[in-house]
Amino acid sequence: MNEPSLKKALSKINIGGLRYFDSIGSTNDEALAWAASGAKDFSLVIANEQTRGRGRLHRTWHTPKGSALAVSLILRPDEIIKPHLSRTVGMSALAITDSLLSMGLNAKIKWPNDVLLNEKKVAGILVESVWSGSDVDSLVIGMGINVYKTSVPPDGSLRFPATSIENELDKEPPTREEILREILSAFIRWREKLASDELIKTWEERLAFRHWQVQIISNDEVSQTGVLDGLEADGSLRLSDENSNPVIVRFGDVSLRPAA
Ligand code: ATP
């Protein structure tokens, strides 16, 4: 992967700009700085390696050289998108799962921000925003997708099992450029449907552990338990407690786990 190969693969997609790095600290940091200094809508920061890739709550995201897709997409939300910003992470997960499903893989979304294959994490999403007073100026959507086996972190360093596309596919994976083109094409389709019921319905259908007994972990403690029921219109998670009453879990630094 390099800048010319990316530009060629993305030639039919209307991107705002592209910054490619063979190695970078974090693509989201670069994209946040670029967004604050006027990047156009649908600009991309892509790296072959991240040395300080970030997850939520300052957790690290592992991107060894040549192993994965590390992409940050800058969006400038318009008035149609703004009322539905809480759906952004779901829209991104739908784009990633569309590309995996087209490879014949059974991709699921672990609410709120991870994509799983065979109950193992193959991709993570980190959405961050740049504000102008009380108005959101831009969104940075960081996506880390494990393509080759070399992207998978060592077991002992993980909070949740991990895998890669190469591990789960019984043939050579598509190139990273091809995977990115599929994700961005899907992203453009879902963005047009951001306000639709179809987006929530499809997100819900792709939820990992749906109808399972699950736990919500917050600050390393179990904060809620229940059967994973579905999603609210804003993308919040709905569980059903032991008396079959709904429990709504809002976005935040919470992690979902199947109950032990
Ligand atoms: P979890 O449900 O795993 O607690 P999270 O959404 O809180 O997920 P994130 O902040 O999205 O986690 O991602 C950071 C975590 O993901 C790290 O703490 C590490 O356990 C794991 N991780 C880091 N790099 C990778 C990778 N390349 N593939 C899979 N998992 C990774």
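What comes next concerns the included structure. In this text the structure is predicted, and so the values were computed from the model without any measurement.

This brings us to the site of the ligand. The environment of the ligand is formed by 20 residues, the closest being R56, R59, K110, R159 and R257. H62 places a main-chain nitrogen or oxygen 3.0 Å from a nitrogen atom of the ligand. Isolated, the ligand exposes 630 Å² of accessible area, and the fraction of that covered by the protein chains is 96%. Grouping the amino acids of the shell around the ligand by side-chain chemistry returns five nonpolar, eight polar and seven charged.

Let us now look at the pattern of salt bridges. Within the structure shown, the criterion is met by 21 salt bridges. Its salt-bridge partner being K65, residue D22 comes within 2.9 Å of it at the nearest N-O pair. Within this pair, whereas D22 is found in the loop between β1 (17-21) and α2 (27-36), its partner K65 is found in the loop between β2 (43-47) and β3 (68-75), the two being separated by 43 residues in sequence. By relative accessible area, which is 46% here, K65 ends up partly exposed. Between D137 and R76 there is a salt bridge, with the nearest N and O atoms lying 2.9 Å from each other. Within this pair, whereas D137 is found in strand β7 (residues 135-146), its partner R76 is found in the loop between β3 and α3 (88-102), the two being separated by 61 residues in sequence. Of the residues examined, R76 reaches a relative accessible area of 22% and is grouped as partly exposed. It is possible to trace a salt-bridge network through shared partners that takes in D29, R54 and E128.

Definitions and cut-offs
Residues numbered from 1 in each chain as written. Predicted model: local features only at pLDDT ≥ 70, side-chain atom pairs only at ≥ 80, totals over all residues. Heavy atoms only, no water. Near = heavy atom within 4 Å. Polar contact = N/O pair within 3.5 Å; in protein donor to acceptor, adjacent residues only side chain to side chain. Areas by Shrake-Rupley, 256 points an atom, 1.4 Å probe, with all protein chains shown as cover. Nonpolar A, V, L, I, M, F, W, Y, C, P; charged D, E, K, R; others polar. Salt bridge = Lys/Arg side-chain N within 4 Å of Asp/Glu carboxyl O. Helix = DSSP H or I, 4+ residues; strand = E, 2+ residues; numbered from the N terminus. Buried < 20%, exposed > 50% of the residue type's maximum accessible area, 1.4 Å probe, protein only.

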